[in-house]
Amino acid sequence: MTTMDEPEWDQETRDLALAHAQVDLCPSCGGPAYLCQDPELQDSWRVPAPTRCHRSTALLQAQLKVTEKTNPQVGALLWSTVLADDAVRRG
Ligand SMILES: [Zn+2]
């Protein structure tokens, strides 16, 4: 909740946002272009092992079952996901 005594953004956050807004972003990866397009850093990038998103996995599996033949204009389907009622949520 925002009150007059408690501004939503403090000066530090505002400065950070302004600095970020002035950085050119790479159209490929979305990161700061000065980093990902720096030839000096060409061999400095590492790719950690991926984490699986089970929500996306379920969605992709469901989408594979639908074809243009079973659902004409398949591209117009609006997909969503919900967590099963019996799912244990942690954290
Ligand atoms: Zn990039």
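Because the structure is predicted, anything quoted here is derived from the model rather than measured.

## Notes on the overall build of the protein
Here is step 1 of the chain: Looking only at helices and strands, one finds 3 helices and 0 strands in the protein.
Here is step 2 of the chain: Starting at the N terminus and ending at the C terminus, the protein contains elements arranged as α-α-α.
Here is step 3 of the chain: Oriented by its inertia axes, the alpha-carbon framework of the protein measures out at about 55 × 45 × 30 Å.
Here is step 4 of the chain: Looking at the protein as a whole, 5% of its 91 residues are labelled buried.
Here is step 5 of the chain: Taking contacts inside the protein between residues at least 6 apart in sequence as the whole, the part at least 24 apart equals 3%.
Here is step 6 of the chain: About 9,000 Å² of surface is accessible on the protein, with carbon and sulfur atoms providing 56% of the total.

## What to know about the domain arrangement of the protein
Here is step 1 of the chain: Here the protein is described as being made up of domain 1 (11-41) and domain 2 (53-83).
Here is step 2 of the chain: A straight line from the C-alpha centre of domain 1 to that of domain 2 covers 34 Å.

## Re a nonpolar patch on the surface
Here is step 1 of the chain: On the surface, a nonpolar cluster with roughly 340 Å² of combined accessible area is contributed by Y34, L35 and W45.
Here is step 2 of the chain: Inspection of the secondary structure assignment puts Y34 in helix 2 (residues 33-36).
Here is step 3 of the chain: Residue classification places Y34 among the exposed residues on the basis of a relative accessible area of 55%.

## Points about the confidence of the model for the protein
Here is step 1 of the chain: Averaged over every residue, the pLDDT of the protein is 88; the share at 70 or more is 90%.
Here is step 2 of the chain: Here helix 1 (residues 11-21) is the element of the protein with the lowest mean pLDDT, 74, and helix 3 (residues 54-64) is the one with the highest, 97.

Rules used throughout
Residues numbered from 1 in each chain as written. Predicted model: local features only at pLDDT ≥ 70, side-chain atom pairs only at ≥ 80, totals over all residues. Heavy atoms only, no water. Helix = DSSP H or I, 4+ residues; strand = E, 2+ residues; numbered from the N terminus. Buried < 20%, exposed > 50% of the residue type's maximum accessible area, 1.4 Å probe, protein only. Contact = heavy atoms within 4.5 Å. Areas by Shrake-Rupley, 256 points an atom, 1.4 Å probe, with all protein chains shown as cover. Domains from an automatic or database assignment. Patch = residues over 30% accessible without salt bridge, like charges linked within 9 Å, V, L, I, M, F, W, Y side chains within 5 Å. Salt bridge = Lys/Arg side-chain N within 4 Å of Asp/Glu carboxyl O. pLDDT = per-residue confidence, 0-100.

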